[in-house]
Amino acid sequence: MASPRRLLRTARQLTSIKTPLLTSQFPRHVSTTPSPPSPSPPSPPLPPKNLKPLTESQREMLSSFLRVNQAGELAATLIYTAQTPPILAREPHLRPLMKHMYDQEADHLRVFNSLIAKHRVRPTALYPLWSVLATGLGWSTAVMGKEAAMACTEAVETEIGGHYNAQIRELLKMVSEWEAEGYDVGEEFTELISTLRRIRDEELEHLDHAVEHDAQKAEPHWLLTGVIRAGCRGAIWVSERV
Amino acid sequence: MASPAAVNCSGAARRILLLPTTTTQPATRSFPGRLSAVTSRPITTLPSTPRTKSKSTPKTQPPTTPPPQPLQTRRTYHSTTHPPPPSPFTQAETTLLTSALTSHIPTHGFTLPSLTLAARDLSLLDISPSFLGPSPVARLIHFHLYTTRTTLPSLASQHSDLLSGLSVSGKIELLTWLRLKQNEPIIQHWQQALAVMAQPSQVPVAVRELAMLADEIYYLAGDKSVDPSWYTKRAALSGIYAAAELFMTTDKSEGFQETRRFLRRRLQEAEELGGAVRSVGEWVGFTASAGVNVLRSKGVRI
């Protein structure tokens, strides 16, 4: 398991190669990666906590976060499901990699499914549409070849990584406001933030894998990644709302 | 701020003479306006000369109501640890509406006289219900829907021994039945209430309450589906609940057993229909993937 620092460093190196990645998109923001000692101050577990009621806008924000993340992970599992058979028919040695990435995405989907059920968030209404589009994207890029499939992974994971980072930043802002006002921060949110960090790091790991497996050799790379990234951004925008 | 309130005072003062049968109320006032009217002035005192005293109204003691809150009716992120969001009804509204619901609805129905009598019980003026907004009666019915929905979790925990042994569909049947039984004390007036809530201006509130009730029942039953069936299940239950509620208003059987049988039949039908749709979907999915696999086994690169 690669460390988050190494992943982000890789992302920065990628920036210098070709595509504008996370770090160049958010140059002014503080890092969302915790400093090495501990992600949050150890809180006393037993005494009743002084938790602030969530405002309407905060609940809206959290709903849209969980909804869009579930839709995204659903799409990711379907992309890998559709990509695997055509890719393995040509490059059987990629089986462990595809399985590893699929397993991680399936775990992410399970995490967000349970979070959505637990917090009573409405799932996205365009569930069938995302299923069809994701399967189509995965299958068509895989048929175009291994490089195109990896470029698809690269483009998707780049968008997803930046998207998770933006969410983590919003949550950290909310949590630090509570701390500044003297409220406690419950495990509900410390756990949510650490889950999002873990998932973001795993998505960036997929980005590394894709680049290691010739994603940049796809022809035409700029067009493929550009189209897929624009599509991702559009899908994220819609899923946050519907 | 002060002058619209004063204009409303004079309107309310005029209505005292017409109470309780008047229905001519300013229809243009929205709910936030109503809330500010409640907080800006005590409802227990009647300004004798509203227009001239309008500037001095801030000096009078404000009522003990919390600050105006947005009308929270959408269901969003449900925190398991943080305190729940505030009620859409202010403290003053809750007191008045609870009094009306418990003491006067069973005899007078969902009408303005019930609210007026409740206001008298609390030694408020007869005009007090006019602070409930453009349609006090609809607000009263909404309060009934809201309180019955929000007491459903405690009702469920009272019956936890019954619920624990049931399947999810059994739990849904029992929870829906528990909610229907909450209408029992006011059942002879419920048709009238349904007619009020079916008015175009009240339909959004009624539909939202119905949707949130269906969601509450599925949550309490422990349903964890997060795919498109989330929508179909809730829509089906909403329709079944509304039908059963209407059926109950004409049910004369002992303990509303006919309503319960009606409810069971409708839920059974929905389950059968859902099962049929699911089977067809499974068959299509299986056939499609089998077809793709056959082609792959023949060497087609897809």
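Not measured: the values here are computed from a predicted model. (Residues numbered from 1 in each chain as written. Chains lettered and ligands numbered in written order. Predicted model: local features only at pLDDT ≥ 70, side-chain atom pairs only at ≥ 80, totals over all residues. Heavy atoms only, no water.)

Considering the overall build of chain B
Part 1 of the reasoning: Scanning chain B from terminus to terminus reveals 13 helices and 0 strands.
Part 2 of the reasoning: Beginning at the N terminus, the succession of helices and strands in chain B can be written as α-α-α-α-α-α-α-α-α-α-α-α-α.
Part 3 of the reasoning: In chain B, which comprises 302 residues, the proportion classed as buried is 41%.
Part 4 of the reasoning: A separation threshold of at least 6 residues defines the contact pool for chain B, and within that pool the share at least 24 residues apart is 70%.
Part 5 of the reasoning: Taken as a whole, chain B presents about 15,600 Å² of accessible surface, with 63% of it coming from carbon and sulfur. (Helix = DSSP H or I, 4+ residues; strand = E, 2+ residues; numbered from the N terminus. Buried < 20%, exposed > 50% of the residue type's maximum accessible area, 1.4 Å probe, protein only. Contact = heavy atoms within 4.5 Å. Areas by Shrake-Rupley, 256 points an atom, 1.4 Å probe, with all protein chains shown as cover.)

Description of the confidence of the model for chain B
Part 1 of the reasoning: Per-residue pLDDT for chain B averages 79, and the proportion of residues at 70 or more is 75%.
Part 2 of the reasoning: Low pLDDT, under 50, characterises residues 1–73 of chain B; the stretch is placed with 93 contacts to residues that sit more than four places away or in other chains. (pLDDT = per-residue confidence, 0-100.)

A look at the packing of aromatic side chains
Part 1 of the reasoning: For the coordinates displayed, the defined rule picks out 8 aromatic pairs over all chains.
Part 2 of the reasoning: Considering the side-chain rings of A:F112 and A:Y164, the 6.4 Å spacing of their centres and the 10° angle between planes classify their relative orientation as stacked. Taken together, the residues span a long stretch of sequence, with A:F112 in helix 4 (residues 95–118) and A:Y164 in helix 6 (residues 146–180) at a distance of 52 residues. When sorted by exposure, A:F112 lands in the same class as A:Y164, which is buried.
Part 3 of the reasoning: A connected cluster of aromatic rings, assembled from ring pairs, spans A:W178, A:F189 and B:Y77. (Phe/Tyr/Trp six-rings, centres within 6.5 Å; stacked < 30°, edge-to-face > 60°.)

Details of the environment of A:H213
All names here are of chain A.
Part 1 of the reasoning: Counting through the fold element by element, H213 comes out in the loop between helix 7 (187–212) and helix 8 (221–241).
Part 2 of the reasoning: Between the alpha carbons of H213 and L94 there is a distance of 9.4 Å; along the sequence they are 119 residues apart.
Part 3 of the reasoning: Leave out the neighbours within four places in its chain, and H213 touches L94, L97, K146 and M150.
Part 4 of the reasoning: Polar side-chain contacts of H213 include one of 2.9 Å to the backbone oxygen of H209. (Polar contact = N/O pair within 3.5 Å; in protein donor to acceptor, adjacent residues only side chain to side chain.)

Examining the packing of helix 3 (residues 56–90) of chain A against helix 6 of chain A
All names here are of chain A.
Part 1 of the reasoning: Contact geometry of helix 3 with helix 6 gives a least axis separation of 11 Å together with a crossing angle of 160°. With respect to helix 6, the axis of helix 3 lies roughly antiparallel. Every pair of crossing elements has a handedness; the one defined by helix 3 and helix 6 is left-handed. Contacts between helix 3 and helix 6 involve Q58, M61, L62, F65, V68, N69, E73, I79, Y80, Q83 and I87 on the former and, on the latter, A149, C152, T153, V156, E157, H163, Y164, Q167, E170, L171, M174 and W178.
Part 2 of the reasoning: Per-class residue counts for the contact of helix 3 with helix 6 are 14 nonpolar, 6 polar and 3 charged. (Axes fitted to C-alpha atoms, helices over the stretch in contact; angles between N-to-C directions. Parallel < 35°, antiparallel > 145°, perpendicular 65-115°, else oblique. Left-handed = near helix turned anticlockwise from the far one by under 90°. Nonpolar A, V, L, I, M, F, W, Y, C, P; charged D, E, K, R; others polar.)

Digging into the side chain of B:S79
Part 1 of the reasoning: Mapping B:S79 onto the fold places it in the loop between helix 3 (50–53) and helix 4 (91–108).
Part 2 of the reasoning: Note on B:S79: relative accessible area 12%, which makes it buried.
Part 3 of the reasoning: There is a polar contact of 2.8 Å between the side chain of B:S79 and the side chain of A:E188.
Part 4 of the reasoning: One polar contact links the side chain of B:S79 to the main-chain amide nitrogen of B:T81, over a distance of 3.3 Å.
Part 5 of the reasoning: Apart from residues no more than four positions distant in its own chain, B:S79 is found in contact with A:L54, A:H119 and A:E188.

Some points on the pattern of salt bridges
Part 1 of the reasoning: A full pass over the atoms with the stated rule returns 23 salt bridges over all chains.
Part 2 of the reasoning: With its nearest N and O atoms 3.4 Å apart, the salt bridge here joins A:R120 to B:E216. One end of the pair, A:R120, is in the loop between helix 4 and helix 5 (127–144); the other, B:E216, is in helix 11 (residues 203–220), on a second chain.
Part 3 of the reasoning: A relative accessible area of 10% places A:R120 in the buried class.
Part 4 of the reasoning: We classify B:E216 as buried; its relative accessible area is 10%.
Part 5 of the reasoning: The closest approach of N and O atoms between B:E173 and B:R260, which form a salt bridge, is 3.1 Å. One end of the pair, B:E173, is in helix 9 (residues 168–181); the other, B:R260, is in helix 13 (residues 257–297), and 87 residues separate them in sequence. Taken as a pair, B:E173 and B:R260 share a single burial class, namely buried. (Salt bridge = Lys/Arg side-chain N within 4 Å of Asp/Glu carboxyl O.)

Structural notes on the UniProt feature "binding site: Fe cation 2" (unreviewed entry) in chain A
Residue and element names in this part refer to chain A.
Part 1 of the reasoning: In this structure's numbering, the residues bearing the UniProt feature "binding site: Fe cation 2" (unreviewed entry) are E105, E157, E203 and H206. Look at the named residues: they lie 102 residues apart in sequence, but the longest C-alpha span between them is just 11.2 Å, so in the fold they bunch up.
Part 2 of the reasoning: Checked against the element boundaries, E105 lands in helix 4.
Part 3 of the reasoning: Looking at E105, the relative accessible area reads 0%, which means it is buried.
Part 4 of the reasoning: In contact with E105, other than residues within four places in its own chain, are E73, A76, T77, Y80, E157, E203 and H206.
Part 5 of the reasoning: In this fold, E157 is placed in helix 6.
Part 6 of the reasoning: Among all residues touching E157, those that are not within four sequence positions of it are Y80, E105, E203, H206 and L207. (UniProt positions renumbered as here; feature names shortened; annotations may be inferred.)

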